[in-house]
Amino acid sequence: MNVYKHMRIALNLFIVFSLLVAAAACNDDPPLPDNVVSFEATTLGMEETETDLDVTIRISRSLSQDAVVVIGLVTDGVAYGTEFTTDPAVVADKISVTIPSGSTEASFTISKVDGLVLDGDEEIIFTIEDAPAGLVIGTENTTTVTFAEIISEGATMEVNGGGENFTNKVFIDLSANRQRAVNRKNWHLGFYTGDVYRVAINSSTAMFARPLDKNDLTAVTAADTVGFANEMILSFSATPNVSTAWIDAPSGALSGTAIAAVSATASENKVYIVKPEEGNWKKIRVLRTATGYTVQYADIASTTIQETSIEKDASNNFQYFHFTQGEVSFEPIKDRWDIAWTYFINTTPLGPGALIPYGFQDIVLTNIHGGTEVVQVLEADKTYDGFTASDVAGLTFNGSDQLAIGANWRTGGGPGGPPSLRTDRFYVIKDAAGNYYKLKFTDL
């Protein structure tokens, strides 16, 4: 049976940034608010198939030295040492977790003992009991971990965007009340695992991919890229509808990837010039295998070609690849997230029918390839507090455009002035399991 739930998400990043800037500007400025330490989530569940679970604690802003936070625990139906362990280990019923200097979070890991069979009603209650000078224990000082999957009944979540440079892409699983923050630059190519052969480029960095009329990497040199630097750019001086051809469609449609569908006929797969946000330009060529892909790649001037095989795994939307690290883990498996917050390459009109690409710092994406659907509701039609399960039937959900929320939750920014929260709307989300949530952004 479908279950109606709700969740509120608070994005407080801009408030934190402005306070930090003000503090650095003048010694007469008012003091900063308390630096609060709290759990990222107050309830967490370990599914039967999970063997490990990370529990994250957060502080409002980083410190100039390491901070050791002491966490107590009470168990119900499960015993430490014989049925579960933690890292760091429990000593005298306490866990000491170190938040490193310059960081705003740390985590400890709960691990089930191999072969453990539980009923699912066992739980551990963790409580932040002590923190060093300079930190104040917040109201969310307790989290309950249940050894069973949870369906969130609603919560408030502050998204960990990674600071003023927006370094993270944050995947949010509404049903599990979890977020996973990953450095958005940790991959370059994403290989689709479904029934078509498509390759994504990292749209959370300033990345472009442009085809050549060649299919031999050794025959490609820097001379083949003359003039590319003026077209593969994020700039209002970019030529409309030119640079946009070398990015993935912001909608997330597989048919709109900058790299064309990978053909079963090897000779039809062209060489692409790829411009990562950092590092040397690359030349790549992707081939198709019975169970996945082969990617060939090299620096633009190199004749030494590297080659890696990528196997499809149906539990993921994409298999991710980094030019120096090889295949990497990035996105949670496709049924473990619903929406993601990230820096993103979007497009904007520059006159009738003319589009240019630009970087948007806080886009909210929908997991359309994992089956999540979204619809926007205006408060004028139905209030957030008044919206109930019976109102779902009259809605038309969008499961084909990952920008169904996109930038619509806020307005402004750039030349138009500072951004501001839109309070006249909220969103209803249907996850892949058929659960419904209403979601409201409460802060910018």
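Conventions adopted
- Residues numbered from 1 in each chain as written.
- Predicted model: local features only at pLDDT ≥ 70, side-chain atom pairs only at ≥ 80, totals over all residues.
- Heavy atoms only, no water.
- Helix = DSSP H or I, 4+ residues; strand = E, 2+ residues; numbered from the N terminus.
- Rg over C-alpha atoms; globule rule 2.2 N^0.38 Å.
- Buried < 20%, exposed > 50% of the residue type's maximum accessible area, 1.4 Å probe, protein only.
- Contact = heavy atoms within 4.5 Å.
- Areas by Shrake-Rupley, 256 points an atom, 1.4 Å probe, with all protein chains shown as cover.
- Phe/Tyr/Trp six-rings, centres within 6.5 Å; stacked < 30°, edge-to-face > 60°.
- pLDDT = per-residue confidence, 0-100.
- Salt bridge = Lys/Arg side-chain N within 4 Å of Asp/Glu carboxyl O.
- Core = buried A, V, L, I, M, F, W, Y, C linked by side-chain atoms within 4.5 Å.
- Pairing = 2+ DSSP bridges.
- Axes fitted to C-alpha atoms, helices over the stretch in contact; angles between N-to-C directions.
- Polar contact = N/O pair within 3.5 Å; in protein donor to acceptor, adjacent residues only side chain to side chain.

(A) Looking closely at the overall build of the protein. Within the protein one finds 1 helix and 30 strands. The C-alpha atoms of the protein give a radius of gyration of 24 Å, which matches the 22 Å a tight globule of 444 residues would have. Dimensions along the principal axes, computed over C-alpha positions, put the protein at roughly 65 × 55 × 55 Å. Evaluated residue by residue, the protein yields a buried proportion of 47% over its 444 residues. A separation of at least 24 residues holds for 65% of the contacts in the protein among residues at least 6 apart in sequence. Carbon and sulfur atoms form 49% of the exposed surface of the protein, whose accessible area is close to 20,000 Å².

(B) Molecular detail of the packing of aromatic side chains. Scanning all chains against the criterion turns up 22 aromatic pairs. When the centroid spacing of 5.9 Å and the interplanar angle of 85 degrees are considered together, the rings of Phe321 and Phe323 count as edge-to-face. Taken individually, Phe321 and Phe323 each receive the classification buried, so the pair is uniform in this respect. Look at Phe387 and Phe426: their rings are 5.7 Å apart centre to centre, the planes differ by 75 degrees, and that puts the pair in the edge-to-face class. Separated by 39 residues along the polypeptide, Phe387 in the loop between strand 26 (373–378) and strand 27 (410–411) and Phe426 in strand 29 (residues 425–430) bring together distant segments of the chain. For Phe426, a relative accessible area of 0% gives the class buried.

(C) Summary view of the confidence of the model for the protein. Looking at the protein, pLDDT values average 88 and 92% of them are 70 or higher. Low pLDDT (under 50) marks residues 1–27, which in the prediction has 84 contacts with non-local residues, meaning those over four places away or in another chain.

(D) Just the pattern of salt bridges, in detail. Under the counting rule described, the total for this entry stands at 13 salt bridges. For Glu47, the salt bridge identified is with Arg336, shortest N-O distance 3.3 Å. Of this pair, Glu47 sits in the loop between strand 3 (43–45) and strand 4 (52–59) while Arg336 is found in the loop between strand 23 (326–328) and strand 24 (339–349), placing the two residues 289 residues apart along the sequence. Of the residues examined, Arg336 reaches a relative accessible area of 23% and is grouped as partly exposed. A salt bridge links Arg425 to Asp424, with the nearest nitrogen and oxygen atoms 2.9 Å apart.

(E) Region of interest: the nonpolar core. With 32 residues, the main nonpolar core has Leu189, Phe191, Ile284 and Tyr293 as its most contacted residues. Only strand 15 (189–192), strand 16 (199–201), strand 18 (272–275), strand 19 (282–288), strand 20 (292–299) and strand 22 (318–322) provide two or more residues apiece to this core. Ignoring any residue separated from it by four or fewer positions in sequence, one finds Ile284 in contact with Leu189, Leu217, Ile259, Lys270, Val271, Tyr272, Val274, Gln296, Tyr297 and Phe323. Grouped together as the second largest cluster of nonpolar side chains are 29 residues, Val37, Ile57, Ala67 and Ile110 included.

(F) Quick look at the pairing of strand 4. In terms of burial, strand 4 is a largely internal element, 6 of the 8 residues being buried. Across 3 bridges, strand 2 (residues 36–39) lies against strand 4 in antiparallel orientation. Counted as the bridge partner of Phe39 is Ile57 from strand 4. Sheet topology places strand 4 next to strand 8 (residues 105–112); 7 bridges connect them, and they run antiparallel. Looking at strand 8, one finds that Leu53 is bridged to Ile110.

(G) Region of the structure containing the sheet that holds strand 13 (residues 168–173). Spatially, 14-13-24-25 is the arrangement adopted by the 4 strands of the open sheet, whose pairing is antiparallel. Either end of the sheet is taken by a strand with one partner, and the two such strands are strand 14 (178–183) and strand 25 (355–366). Neighbour-to-neighbour, the strand axes of the sheet open up by a mean angle of 35 degrees, direction not taken into account. Pairing analysis gives 10 bridges linking strand 24 to strand 25, with the strands arranged antiparallel. What sits directly across from Ile345, in strand 25, is Gly359.

(H) Representation of unusual backbone geometry within the structure. In this model, Asp87 is joined to Pro88 through a cis peptide bond whose omega is 5 degrees. Here Pro88 lies in the loop between strand 6 (84–87) and strand 7 (94–99). Positive phi, close to 65 degrees, is recorded for Asp93, a residue that is not glycine. Positionally, Asp93 belongs in the loop between strand 6 and strand 7. Positive phi values are uncommon outside glycine, yet Asn177 reaches one of about 60 degrees. Note on placement: Asn177 falls in the loop between strand 13 and strand 14.

(I) Region of interest: the side chain of Thr257. As for its position among the elements, Thr257 is in the loop between strand 17 (208–211) and strand 18. A polar contact of 3.0 Å, which involves the side chain of Thr257, links it to the side chain of Arg198. Filtering out sequence-adjacent residues up to four positions away, Thr257 remains in contact with Arg198, Val199, Ala200 and Asp248.

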